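# Reading the structure
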Amino acid sequence: QVQFVESGGGLVQPGGSLRLSCVVTGSIFNMITMAWYRQAPGKQRDLVAVITSGGSTNYADSVKGRFTISKDNAKNTVYLQMNSLKLEDTAVYYCNANLVRLPGEYPNDYWGQGTQVTVSS
């Protein structure tokens, strides 16, 4: 089994900052990538940022220059520092891990329960 503990969401004014954290525990043989997705009401779930095991990162165009993804390999933890938040950043943010649970298995995607981020004045 793979478990997620997400934290850091909340209510913030436009221009403010939040830091999301996601700890992944359980049976983890090899962590391939860790990522953050978000889903606004009535919209699809979209990739926000992803970080590979080697530390390479990629961001959605809408958050480039404002959000930073980072990770602590030893703790299987991924962070999302969100600065200069906008109204349109309001969404449920989901942690994603693409990993191999046991030797010989293929990688699979696993998801956290989501944390609400609301940007409002």
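Residues numbered from 1 in each chain as written. Predicted model: local features only at pLDDT ≥ 70, side-chain atom pairs only at ≥ 80, totals over all residues. Heavy atoms only, no water.

### Observations regarding the side chain of Arg66
Mapped onto the secondary structure, Arg66 falls in the loop between strand S6 (57–59) and strand S7 (67–72). Among the polar contacts made by the side chain of Arg66, one reaches the main-chain carbonyl oxygen of Ser84 at a distance of 2.9 Å. (Helix = DSSP H or I, 4+ residues; strand = E, 2+ residues; numbered from the N terminus. Polar contact = N/O pair within 3.5 Å; in protein donor to acceptor, adjacent residues only side chain to side chain.)

### A closer look at the pairing of strand S3 (residues 18–26)
When a strand is regular, its side chains alternate between the sheet's two faces. Where strand S1 (residues 2–7) lies against S3, six bridges are found, and the strand directions are antiparallel. Bridging across to S3, Phe4 finds its partner in Val24. Across six bridges, S3 lies against strand S8 (residues 77–82) in antiparallel orientation. Of the residues in S8, the one forming a bridge with Leu18 is Met82. (Pairing = 2+ DSSP bridges.)

### Let's talk about the nonpolar core
Val24, Trp36, Leu80, Met82 and Tyr93 are the most contacted members of the largest nonpolar core, which has 29 residues in total. For this core, the secondary structure elements donating two or more residues are S1, S3, strand S4 (30–39), strand S5 (46–52), S7, S8, strand S9 (91–100) and strand S11 (115–119). Looking at which element gives the most residues to this core, the answer is S9, with five residues. Apart from the residues lying within four places of it in its own chain, the contact partners of Tyr93 are Glu6, Leu20, Trp36, Tyr37, Arg38, Val48, Phe67, Leu80, Met82, Gly114, Thr115 and Val117. (Core = buried A, V, L, I, M, F, W, Y, C linked by side-chain atoms within 4.5 Å. Buried < 20%, exposed > 50% of the residue type's maximum accessible area, 1.4 Å probe, protein only. Contact = heavy atoms within 4.5 Å.)

### Observations regarding the pattern of salt bridges
Under the defined criterion, the tally for this structure stands at four salt bridges. The closest approach of N and O atoms between Asp89 and Arg38, which form a salt bridge, is 2.9 Å. Of this pair, Asp89 sits in the loop between S8 and S9 while Arg38 is found in strand S4, placing the two residues 51 residues apart along the sequence. Taken individually, Asp89 and Arg38 each receive the classification buried, so the pair is uniform in this respect. Close ionic contact of Glu105 with Arg101 constitutes a salt bridge, the shortest N to O distance being 3.7 Å. Judged by relative accessible area, Arg101 falls into the partly exposed class, the value being 23%. (Salt bridge = Lys/Arg side-chain N within 4 Å of Asp/Glu carboxyl O.)

### As for the state of the cysteines
One covalent bond between the sulfur atoms of two cysteine residues makes up a disulfide. In this structure the tally under the stated criterion is one disulfide. Between the sulfur atoms of Cys22 and its disulfide partner Cys95 the distance amounts to 2.1 Å. In this structure, the disulfide formed by Cys22 and Cys95 twists by about -85° around the S-S bond and is classed as left-handed. With Cys22 in strand S3 and Cys95 in strand S9, this residue pair connects regions lying 73 residues apart in the sequence. The class for Cys22 is buried, based on a relative accessible area of 0%. Residue classification places Cys95 among the buried positions, given a relative accessible area of 0%. (Disulfide = S-S within 2.5 Å.)

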